Every structure is written in C-alpha cells, then in structure tokens.
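One letter stands for each residue in the lines below.
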Amino acid sequence: MYSKEDTICAISTPPGRGAIAVVRCSGPKALEIASGIIRLPAGKGNLPDQPANTLHFCNVNDGEQLLDQVVVSLFRKPHSYSGEDTVEISCHGSPYIQKRILELLVESGARMATAGEFTMRAYLNGKLDLIQVEAVADLIASGSTAAHRVAMNQMRGGFTREIKKLRDRLLTFTSLVELELDFGEEDVEFADRRKLKELLAEISDVLDHLKDSFVLGNVIKNGIPVAIVGKTNAGKSTLLNLLLSEEKAIVSEIAGTTRDSIEDVISIRGIHFRLIDTAGIRHTHDEIERLGIEKTWQKINQAAVIIQVVDAKSEPDEIVRFRNQIRALPEAREKKWIVVLNKMDLLSPESLHKFHGMVEKIYSDNEEIIPVSAKTGTNLPRLEETLIRVSGAVSTDENDVIITNVRHFDALGKALTSINRAQQGMASGMTGDLLAQDIREALYYLGEITGEITNDEVLGNIFKNFCIGK
Ligand SMILES: Nc1nc2c(ncn2[C@@H]2O[C@H](COP(=O)(O)OP(=O)(O)OP(=O)(O)O)[C@@H](O)[C@H]2O)c(=O)[nH]1
Ligand SMILES: [Mg+2]
C-alpha cells in the first residue's frame, strides 16, 4: 500500500479556478517523468541535469500544442518535503490546465497520489515524526491564532522533544533493570531504586500535566464552547444570529421555537468560540421540546462559558427561580457566567437601570451582567469583549506543549497507567522482571505517539484525514 518505488503526482492547491495552481510530483523518477512533459528554454538542457533548489520557466506541451507556461521548482532528495526528488509545477490556475498536466504526468509514468501520501513519504523517510505529521494537518486546518500557534509548536518538534526526553531516561533504567535479570540468582542491583522511584514520580507528573493540557488543546482546536441558555422567547436565537452576523437560527415570537441545539463557530480577535443555541427551558408536555430541553442541560455541562439570556421584562422571582434551577447542577458552578439582559430597546434608561440593579442583587457571584439588544445590536461589542475576557485562560505561550489530538491523549493515558503500576509495584517490592515489563509498556505507548512504534492501521487512520496533494 505504501510503496515508495512509485513516483506520485497530485494537484496540491484547492480545487477550482485560481491565479496559479501547483501540481506536485515526487518519487525516484520525478525529474525524469516531469522532463517528459516540460521544455526548458533553448540551450538550458534538460530538467534532470539542473541543480537542486532551482526554479525554471518552462513550456508544457500537450502533443504539438503549447498547454501552458509554468514555473518549475526542483528539489532533490533528501532535501525536499517528502525526502524524495520532487518537482512542483506552478501553472495557471485553470481547472482544465491543472487536470491536463496531471494527466500528462500519469501518461508519462507517475501514479496519482493517495490522500496525504507526500506527507506519508516524509514520515517514512524520517523527515517528520507522527506528531509532526498530525501537526501538518492541524496547521492546514488552523483558523485561529491559538490553534496556529499550537500546531506550529508541534510541527517544530516541541511535543516530540518532551516525549523523547521521557523515553530516553526510562530506557536507561529499563536496560539496567534488565541487566540485573541476566544475572539471575545473584542478588545484584544496577538500577538505583531510589533514583528510579524519583524518575517514575517525575514522569508521572509530566504525563499528568500533558494529559490535562488536552482540555485546553481541545478548546483551542474546536473553539471555546459557549452555551446560550434561558427561558423560551428570551431572545437566544436572535442573539446567536447577531453574534454570527447570519440568520442561522429561526426566530419567532412563539415560545419553544428552538427544539434542537444549533452550533456554529465565530472568531473574535483570533479566538474561536463555538456558540451553542439551545432550546428554551420551560415546563412542557411537548415530547420533542422536552427532548430539546434535556439536550440543553447536556450542553450546559459541556460548555466552558454560559450566556444566560434574560428578557428585560421578566419578573424578579422568575429570574431567581431560573438561576437556582441552573445552579443546582454541580458542573454549572465551575463555568464562566455572563448574564445578558436582552431586549433593552424595550425599556427606558431608568427602567433598565432599575432592572440591572435588581439582577445584580440576584447574581451576587462573579457573573458579568450586560444589557443588550439582540434585535438592534446595541452593546454587541461589549458582549464580545466580555467573552474574550472571561475566556482569558486560553491564551498560550509559544513554547507551551499542549495536546490537541485524541490519539496522543489515549496513548499518554496508557503510558501513565503503566508508570503508575510500576510505582505501585516498587512500593510493594515487585520483582525486577515485572517492573521491567511495566516500564517497557510505558515506553511502547510513548513510542506510539511519535511513531517510533507503529502499524499500518494507525498510519491509515492518520493519513485518511489528509487532503490529496499534501
Ligand atoms: N424588541 C426586541 N425583541 C427581541 C429582541 N431579541 C429577540 N426579540 C424577539 O423575541 C422573540 C423571541 O426571540 P427568539 O430569538 O426566537 O427567542 P428564543 O430565546 O430563541 O426562543 P425559543 O427558541 O423559543 O426558546 C422574537 O419575536 C424576537 O424578534 C430584542 O433585543 N428586542
Ligand atoms: Mg430559539
């Protein structure tokens, strides 16, 4: 499946029309195959004779006809993205030209690349490890400053170095413990147990810390989950639409309009928020609405920030009742809370002031209280500022190692279990061979993260998410 003998080709730019497009060709015969369809200017010789890392202005002929004038970038192994000889043809971005160049390459002996195959070769040729491969996919997908920063750090090897450090130190100890086993009956101890104990404790801490960073990593990758909740007709869907600048959710004066939760992502100054509009909470006999309300409670659980929309014409006891109902959820107490006093356009400044004061008395904790009109957009900037402020924890340092990938999270968890088992074993005087086995297991899972230890299934899963041409 992953033969490196073939020379592969693909269009590496997005489908459709553009100013230019790039067709990539990589493999042992890349230069030879490309030179079959490309003419260098007279007197310049052939493509395979040109030095590495050079650009060439060439013609591409389709039979007797000139198909396009292109710029060819030439790379020689191992100094290319894939680690192989590579030619990148920058042509004019007509879908017809792109497709024809690809067909000509295939007619000359190249094969169409599968999804992510250039990156797969980079991995097989030792240019990237698996963490970096996954970071390439994250980098391409990154849509915010934080997501970009985390992906870039992983691509530059931040996480890899962290894992390698742990593995190397563990390896030294397992070798010593295993050496003891070779001496069999003789009671020797090469591996200093006190130091090993310290090391295991330290590694267990680091693994814990890395695992914990997954929560933040997930938020960075998928956006901070923000649940918009409140009673029916408070204006939740109107607020969602305002924040998204789009008529995403149906709005109506009928109570119980939103039945299922609706999600979309917005970016405010480079930070992604995943907004979740929910079914308004009320007592109902309607089965579908009831299911929607059940889902609202789940969404409250999953959210990091809760925007509670209150209709500015609500009665105080109604607000108190609602607050207490939500606060009864144990998870709700840890959330950041923003109370939006909606429909401020319907109140006079004096009534609004009075209402604000009353709500402030009800919400005595750390809630932010902001009067808004979801209908006219009044105070939207203030709400956006507040969203950024309450999610302040999300800013990251360039050098922070943050886990964003479930595969890494799982492997870290398994490594941690093995380390903890080794720790318990040491405490209860476990024999060297069992100790060595636990440490070996931890080493195995750490190796799985970087790809030092892997199998086709893992690789297949990673690369199937790539686009063709990457
Ligand atoms: N005057 C005024 N009306 C608003 C405002 N926000 C929403 N409305 C109106 O209030 C009604 C209910 O709005 P929705 O956004 O559907 O309310 P909801 O909270 O999503 O309601 P459910 O989905 O039924 O729970 C609609 O008629 C809106 O036009 C506002 O800021 N000012
Ligand atoms: Mg609604």
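Structural data are supplied above this passage.
In this text the structure is predicted, and so the values were computed from the model without any measurement. (Residues numbered from 1 in each chain as written. Chains lettered and ligands numbered in written order. Predicted model: local features only at pLDDT ≥ 70, side-chain atom pairs only at ≥ 80, totals over all residues. Heavy atoms only, no water.)

**Some words on the overall build of the protein chain**
Counting its regular elements, the protein chain contains 15 helices and 13 strands. Rg of the C-alpha trace for the protein chain: 30 Å, well past the compact-globule value of 23 Å for 470 residues, more than 25% over. Viewed in the frame of its principal axes, the protein chain has a C-alpha envelope of about 85 × 80 × 40 Å. Going through the 470 residues of the protein chain one by one, you find that 50% of them count as buried. Taking all contacts inside the protein chain whose residues are at least 6 apart in sequence as the whole, residues at least 24 apart take part in 68%. Per element, the accessible surface of the protein chain, about 23,100 Å² overall, is 52% carbon and sulfur. Computing the positive centroid from 55 side-chain charges and the negative centroid from 67, the protein chain places the two 4 Å apart. (Helix = DSSP H or I, 4+ residues; strand = E, 2+ residues; numbered from the N terminus. Rg over C-alpha atoms; globule rule 2.2 N^0.38 Å. Buried < 20%, exposed > 50% of the residue type's maximum accessible area, 1.4 Å probe, protein only. Contact = heavy atoms within 4.5 Å. Areas by Shrake-Rupley, 256 points an atom, 1.4 Å probe, with all protein chains shown as cover. Lys, Arg positive; Asp, Glu negative; His and termini not counted. Charge placed at Lys NZ, Arg CZ, Asp CG, Glu CD.)

**Considering the packing of aromatic side chains**
Scanning the model with the defined rule gives three aromatic pairs in all. Relative to Phe 466, the ring of Phe 463 has its centre 5.5 Å away and its plane inclined at 35 degrees; by these criteria the two rings are tilted. When sorted by exposure, Phe 463 lands in the same class as Phe 466, which is buried. Over the ring of Tyr 81 we find Lys 470; its NZ or CZ atom is 4.3 Å from the centre of that ring. (Phe/Tyr/Trp six-rings, centres within 6.5 Å; stacked < 30°, edge-to-face > 60°. Lys NZ or Arg CZ within 6 Å of the ring centre and 35° of its normal.)

**Considerations on the site of ligand 1**
Taken together, 24 residues lie near ligand 1, and Lys 236, Thr 238, Gly 256, Thr 257 and Asp 345 sit nearest. Between ligand 1 and Thr 257 there is a distance of 2.7 Å, counted from an oxygen atom to a backbone nitrogen or oxygen. Within the backbone of Gly 280, one N or O atom sits 3.4 Å away from an oxygen atom of ligand 1. Starting from 660 Å² of accessible surface for ligand 1 in isolation, the protein chains cover 92%. At three residues, the largest contribution of residues to the shell around ligand 1 is made by helix H8 (residues 236-244). For the shell around ligand 1, the per-class residue count stands at six nonpolar, twelve polar and six charged. (Near = heavy atom within 4 Å. Polar contact = N/O pair within 3.5 Å; in protein donor to acceptor, adjacent residues only side chain to side chain. Nonpolar A, V, L, I, M, F, W, Y, C, P; charged D, E, K, R; others polar.)

**Quick notes on a nonpolar patch on the surface**
A grouping of Leu 55, Phe 57 and Val 71 is seen on the molecular surface, where their side chains present a nonpolar patch of about 300 Å² in accessible area. Take Val 71: it is sitting in strand S5 (residues 65-75). (Patch = residues over 30% accessible without salt bridge, like charges linked within 9 Å, V, L, I, M, F, W, Y side chains within 5 Å. Salt bridge = Lys/Arg side-chain N within 4 Å of Asp/Glu carboxyl O.)

**Points about the sheet that holds strand S7 (residues 111-112)**
Here seven strands make up an open sheet; going across it, the order is S3-S4-S5-S6-S2-S1-S7 and the pairing mixed. In this open sheet, the two edge strands, each paired with only one partner strand, are strand S3 (38-39) and S7. Pairing between strand S2 (residues 18-26) and strand S6 (residues 86-93): eight bridges, direction antiparallel. Looking at S6, one finds that Ala 21 is bridged to Cys 91. Those strands touched by helix H3 (residues 117-124) are strand S1 (8-11), S2 and S7, and its axis lies near 135 degrees from that of S1. (Pairing = 2+ DSSP bridges. Axes fitted to C-alpha atoms, helices over the stretch in contact; angles between N-to-C directions.)

**Describing the pairing of strand S9 (residues 262-268)**
Bridge count for S9 against strand S10 (residues 271-277) is seven bridges, and the pairing is antiparallel. Residue pairing across strands places Ile 268 opposite Ile 271, the latter belonging to S10. Taking the residues between adjacent antiparallel strands as the criterion, S9 and S10 are bridged by two residues, where Arg 269 takes a positive phi near 45 degrees.

**Here's the deal with the state of the cysteines**
Under the definition given, this model contains zero disulfides. No disulfide involves Cys 25; its sulfur sits 5.7 Å from the nearest other cysteine sulfur, which is in Cys 9. In this model Cys 467 remains outside any disulfide bridge; the closest cysteine sulfur is found in Cys 9, 16 Å from its own. Here Cys 467 falls in the partly exposed class, since its relative accessible area comes to 42%. (Disulfide = S-S within 2.5 Å.)

**Examining the coordination of the magnesium ion (ligand 2)**
Distances from the magnesium ion (ligand 2) to its protein donors, Ser 237 (OG) and Thr 258 (OG1), fall within 1.9 to 2.1 Å. Placement of the pair is Ser 237 in helix H8 and Thr 258 in the loop between H8 and S9, with a sequence separation of 21 residues. Take Ser 237 and Thr 258: they sit in the same class, and that class is buried. (Donors = N, O, S within 2.8 Å, 3.2 Å for Na, K, Ca; no water.)

**Focus on the packing of H8 against helix H12 (residues 380-390)**
Where H8 contacts H12, the two axes come as close as 11 Å, and the packing angle between them is 85 degrees. Taken together, the axes of H8 and H12 are roughly perpendicular relative to one another. Of the residues in H12, those in contact with Leu 239, Leu 242 and Leu 243 of H8 are Leu 380, Leu 383 and Glu 384. Partitioned by chemical class, the residues of the contact of H8 with H12 number five nonpolar, no polar and one charged. (Parallel < 35°, antiparallel > 145°, perpendicular 65-115°, else oblique.)

**Points about the packing of helix H7 (residues 193-222) against helix H13 (residues 406-427)**
Look at H7 against H13: their axes get within 9 Å of each other, and the N-to-C directions meet at 155 degrees. When the interaxial angle is binned, H7 and H13 end up roughly antiparallel. Classified by chirality, the crossing of H13 by H7 is left-handed. Between H7, through Arg 193, Leu 196, Lys 197, Leu 200, Ala 201, Ile 203, Ser 204, Leu 207, Asp 208, Leu 210, Lys 211 and Phe 214, and H13, the contact on the second element is made entirely by Val 406, Phe 409, Leu 412, Gly 413, Ala 415, Leu 416, Ile 419, Asn 420, Ala 422, Gln 423 and Met 426. (Left-handed = near helix turned anticlockwise from the far one by under 90°.)

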